[in-house]
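Residues per chain, in single letters:
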Amino acid sequence: MANQTQALEVPGALTRKPASLWGDAWKRLRKNKLALVGGFFVLLLLFVAIFGPYLTPYDYRTQDFVSLKANHYQVIPPFHFGHLLGTDELGRDLLSRLMDGARISMTVAVVVQIVVLLIGLPMGAAAGWFGGRLDTFLMRFTDVVYAFPDLLFIILLSVSFRETFFGKAMDGLLLVFVAIGMVSWVTMARLVRGQLLSLKEQEYVEAARAIGVSDFRIVTRHLLPNAIGPVIVAVTLGIPGAILTEATLAFIGIGVQAPRASWGSLAFTGEPYIRSQPHLILFPAIAIAIALVSFTFLGDGLRDALDPKLKGKQ
Amino acid sequence: MTVSDDQGRAGSPVLTELPEDVSVETEEGRRLAEALQDSRRHARKLLEVRNLSTQFYTSDGVVHAVDEVSFELDYGETLGLVGESGCGKSVTALSLTRLVPNPPGKIVAGEIILDGINILKLSNEEMRRLRGKKIGFIFQDPMTSLNPTLTIGFQIAESARVHLDLSRKAAEDRAVELLSKVGIPRARDRMKDYPHQFSGGMRQRVMIAIALACDPMLLLADEPTTALDVTIQAQILELIKSLSSEFGTAVILITHDLGIAAGMCNRINVMYAGRIVETGPVDDIFERPRMPYAWGLLESLPRLDEERHNRLRTIEGLPPDLINPGAECRFSPRCRYARDVCREHEPELSEREGEGHKARCFGTEPGGWIQ
């Protein structure tokens, strides 16, 4: 045996850096220009969300009375009085408000997906792994949640808990985010269940059992890492939906409280001026569109990159 | 306190564990521990399987996959389980670890006593702690038995971390040691590699390292070389042989290849249709097989010392349906020597010439018609 070991030890052999799952995925993602553009805008949005308030000369709630007076108390259009995107009817800088809105939208993206993962992963994993009656019970419950009108549920929840401590946290946003998460986990649960159903038949599960690995450890350490690709894709593709729902809710006056404004409520307040000052509704709408499109492109790219077998289908 | 040389089975005033106040560091403690080990080994077999029956409940009926199988295994011994596909070899092995998929499978009767413990009476949690620690399992196909998303190092260290309560670092060192023991060069570098970077033979080496991670008493190897090509086969078998003798591990080797069994085993159980039809020391089985099925298996082997161009002999027919095995000898429909008595009753496993050599055949019983 010692001889064998010697013989195999060729200096310089196998020095090529081995391909890892993530390395491979990155290589494929790099070739997808749309996904890269999407990824760039996602990073930009995150940057703005984090550092935005330190970059703008105005605050989202400061009213520029001087310029407003000079403009005869009218909405200031873009490129006037040092306001790049103009102001609203109260003289608040639209760009600053949009950048603050990015904060809200990115928080939606993160918080909602955390709630989705917290509910969807365990639900789907338990249903897929144990199967049988538990599976039936969990999946019927999932169906019920799926069938219930999302907006109605979110509206009911936010109205009922508006006055509680929880309802007031983060300017009333946390409640909305959690409510959105509570209706959005359904897809994740189904996805994870489906993944586990096929993964648990793999022989390495049997092999792990044979060395005495506990069920919990098999699911968390052996199976979920194998499902991580589709989960990442689902999370990325779930974000635009959450942003859109938040914008919809803000548009009908639920969620963010004045003077803060999300992109949805900015569009709502700009709506009466749609003919005279269209920029008030146009720019928030563009912001929403950019966010949705970039997350979708990135998600699609990630799906192709993480699961090359899927490429070309759909 | 003295170590009694009792049979150790009744469990009365016999010392089974080293008392806590005796340290193995001292001269006396070490002597005591060794004596204890010796007495244990002589007192009983490592494994006693009695009347094990495993059935599968299918839509067509109950399949009697393993039917009242009994055998024993000594510490450090290598036992071959041979037979053609579907004769119950693998189900026997799965039953020993209680890994028979349930449903549809179920161990319906029998006792499996491993190192003095009836494992069929253990709770699932107790059984889980036994797997990997006392019983190692090598699977048939190394290509699918390793998790593609986990590193080799993680998978080898896992058993040690689960059972031996080692720290991450200690388990990793143990894994490196094992990996070099199974002949993987530059073991420490390769710990971070993934299974797809290993060839089939190397993966089977990794599987062996995993199976031996906790120094088990019993190693179950279920056709460990079937998925590998012939040159690698020999290396893997040699590795199993040398490591099991180094670790003092008893091995149950499941194979349909009598050539492999001849080279590896001390004793052989020939299985047919869920039953053991012949058992004995490897030399007796090869030189004096006393059951027509075993002859058939031996004749179907290609041989180097015979004239070439002869077609290999086969055993005519197919194994019987295990859903409704009748009262006859299960091999009788395919047996050239079968007589009426074979079709009416099933023979018992009875003594033949040679120590522990038994066969299930009326024809080769004393006074039988086959000689």
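Conventions used here
Residues numbered from 1 in each chain as written. Chains lettered and ligands numbered in written order. Predicted model: local features only at pLDDT ≥ 70, side-chain atom pairs only at ≥ 80, totals over all residues. Heavy atoms only, no water. Helix = DSSP H or I, 4+ residues; strand = E, 2+ residues; numbered from the N terminus. Buried < 20%, exposed > 50% of the residue type's maximum accessible area, 1.4 Å probe, protein only. Contact = heavy atoms within 4.5 Å. Disulfide = S-S within 2.5 Å. Domains from an automatic or database assignment. Salt bridge = Lys/Arg side-chain N within 4 Å of Asp/Glu carboxyl O. Polar contact = N/O pair within 3.5 Å; in protein donor to acceptor, adjacent residues only side chain to side chain. Buried area = accessible area lost by both parts, 1.4 Å probe. Pairing = 2+ DSSP bridges.

Q: Lay out the overall build of chain B with the relevant residues and their values.
A: Scanning chain B for helices and strands turns up 12 helices and 12 strands. A buried classification covers 52% of the 371 residues belonging to chain B. Considering only contacts within chain B whose residues lie at least 6 apart along the sequence, 64% involve residues at least 24 apart.

Q: Talk me through the state of the cysteines; I want residue IDs and the actual numbers.
A: Residues and elements named next belong to chain B. For the structure shown, the criterion picks out 0 disulfides over all chains. Here Cys335 is not cross-linked by a disulfide; its sulfur's nearest cysteine counterpart is in Cys361, at 6.2 Å. Since its relative accessible area comes to 17%, Cys335 is described here as buried. What makes Cys361 buried here is its relative accessible area of 8%.

Q: Summarise the domain arrangement of chain B; cite the residues concerned and give the values.
A: Residue and element names in this part refer to chain B. The assigned domain composition of chain B is domain 1 (2-265) and domain 2 (271-302 + 315-359). Here the C-alpha centroids of domain 1 and domain 2 sit 28 Å apart. With 28 residues of domain 1 in contact, the opposing surface of domain 2 contributes 18 residues. For the pair domain 1 and domain 2, the interface holds 3 salt bridges. Put simply, Arg334 and Glu84 hold a salt bridge, and the shortest N to O gap is 3.0 Å. Where domain 1 packs against domain 2, one counts 6 residue pairs in polar contact (both at pLDDT 80 or more). Elements represented by at least two residues in the side of domain 1 that touches domain 2 include exactly strand S2 (61-73), strand S3 (78-82), helix H2 (89-96) and helix H9 (258-264). At 11 residues, the largest contribution of residues to the side of domain 1 that touches domain 2 is made by S2.

Q: Go over the side chain of Thr78(B), please, and point to the residues and values.
A: Residue and element names in this part refer to chain B. Positionally, Thr78 belongs in strand S3. Residue Thr78 is classed as buried on the basis of its relative accessible area, which comes to 9%. Other than its neighbours up to four places away in sequence, Thr78 contacts Val251, Met264, Cys265, Asn266 and Arg267.

Q: Outline the interface of chain B and chain A, supporting the account with residue identities and numerical values.
A: Across the contact, 36 residues belong to chain B and 24 residues belong to chain A. Regarding the contact of chain B and chain A, the summed buried area is about 2,500 Å², with carbon and sulfur atoms giving 58% of it. Remark: the boundary between chain B and chain A carries 1 salt bridge. Where chain B touches chain A, the interface holds 11 residue pairs in polar contact (both at pLDDT 80 or more). Every element with two or more residues in the side of chain B that touches chain A is listed here: strand S6 (135-138), helix H4 (152-163), helix H7 (200-211) and helix H8 (230-247) of chain B. Residue contributions to the side of chain B that touches chain A peak at 6 residues, all from H4(B).

Q: I'd like to hear about the sheet that holds strand S11 (residues 350-351) of chain B, residue by residue, with values.
A: Residues and elements named next belong to chain B. Ordered by their spatial adjacency, 8 strands build an open sheet running S6-S7-S8-S3-S9-S10-S12-S11, and the pairing between neighbours is mixed. The outermost strands of the open sheet, each flanked by one partner alone, are S6 and S11. In this structure, strand S10 (residues 275-281) lies alongside strand S12 (residues 358-359), joined through 2 bridges in antiparallel fashion. Opposite Glu278, over in S12, you have Ala359 as the bridge partner.

Q: With reference to specific residues and values, describe the pattern of salt bridges.
A: Scanning all chains against the criterion turns up 29 salt bridges over all chains. Across the pair Arg217(A) and Glu158(B) runs a salt bridge, and its minimum N-O distance is 2.7 Å. Here Arg217(A), found in helix H11 (residues 215-251), pairs with Glu158(B), found in helix H4, and the two come from separate chains. Residues Arg186(B) and Asp189(B) are paired through a salt bridge, measuring 3.2 Å at the closest nitrogen-oxygen approach. A relative accessible area of 35% places Arg186(B) in the partly exposed class. Salt bridges linked by common partners bring Asp67(B), Glu68(B), Arg275(B), Arg330(B) and Glu346(B) together as one network.

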